[in-house]
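Coordinate inspection notes
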Amino acid sequence: QVQLVESGGGLVQAGGSLRLSCVASGRTFSMGWFRQAPGKEREFVAAITWSGGSTLYADSVKGRFTISRDNAKNTVYLQMNSLKPEDTAVYYCAARRGDSPLATGNRAEYDYWGQGTQVTVSS
């Protein structure tokens, strides 16, 4: 069983930046970030394969968010720039047991989930 612990959330003004981190207790393969705003479904944000050779982003964050990873530290990051009030949500880190050549945004393909970290963007 792999445990995921997110950090880096907080309150920021619109246009600001935050960097989220997710540390895994064991080796993981493909990893991703999802988010859930109050009253909404959990939605895909970004994903990355183990090698980092494939990344995938939701259209709503493309060009503003960057996912990266440091396998030596079992850590995945989400750099969030030009934040908007609509980015406000709880952000969850997720990991897959297996890898694939392409990053995936399919929530059902992720096996492990963190507890989430709150991101609030004020206007």
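The following refers to the structure shown.

Rules and cut-offs
- Residues numbered from 1 in each chain as written.
- Predicted model: local features only at pLDDT ≥ 70, side-chain atom pairs only at ≥ 80, totals over all residues.
- Heavy atoms only, no water.
- Helix = DSSP H or I, 4+ residues; strand = E, 2+ residues; numbered from the N terminus.
- Buried < 20%, exposed > 50% of the residue type's maximum accessible area, 1.4 Å probe, protein only.
- Core = buried A, V, L, I, M, F, W, Y, C linked by side-chain atoms within 4.5 Å.
- Contact = heavy atoms within 4.5 Å.

Secondary structure assignment for the protein yields zero helices and 11 strands. Traced from its N-terminal end to its C-terminal end, the protein shows the element sequence β-β-β-β-β-β-β-β-β-β-β. Dimensions of the protein, computed from the C-alpha atoms along their principal axes, are close to 40 × 30 × 25 Å. For the protein, with 123 residues in total, the buried portion stands at 45%.

Leu4, Trp33, Leu78, Met80 and Tyr91 are the most contacted members of the largest nonpolar core, which has 35 residues in total. Elements with a minimum of two residues in this core: strand E3 (18-24), strand E4 (31-36), strand E5 (43-48), strand E7 (65-70), strand E8 (75-80), strand E9 (89-95) and strand E11 (117-122). The contact partners of leucine 78, leaving out residues within four places of it in the chain, are Leu18, Arg19, Leu20, Trp33, Val45, Ala46, Phe65, Thr66, Ile67 and Tyr91.

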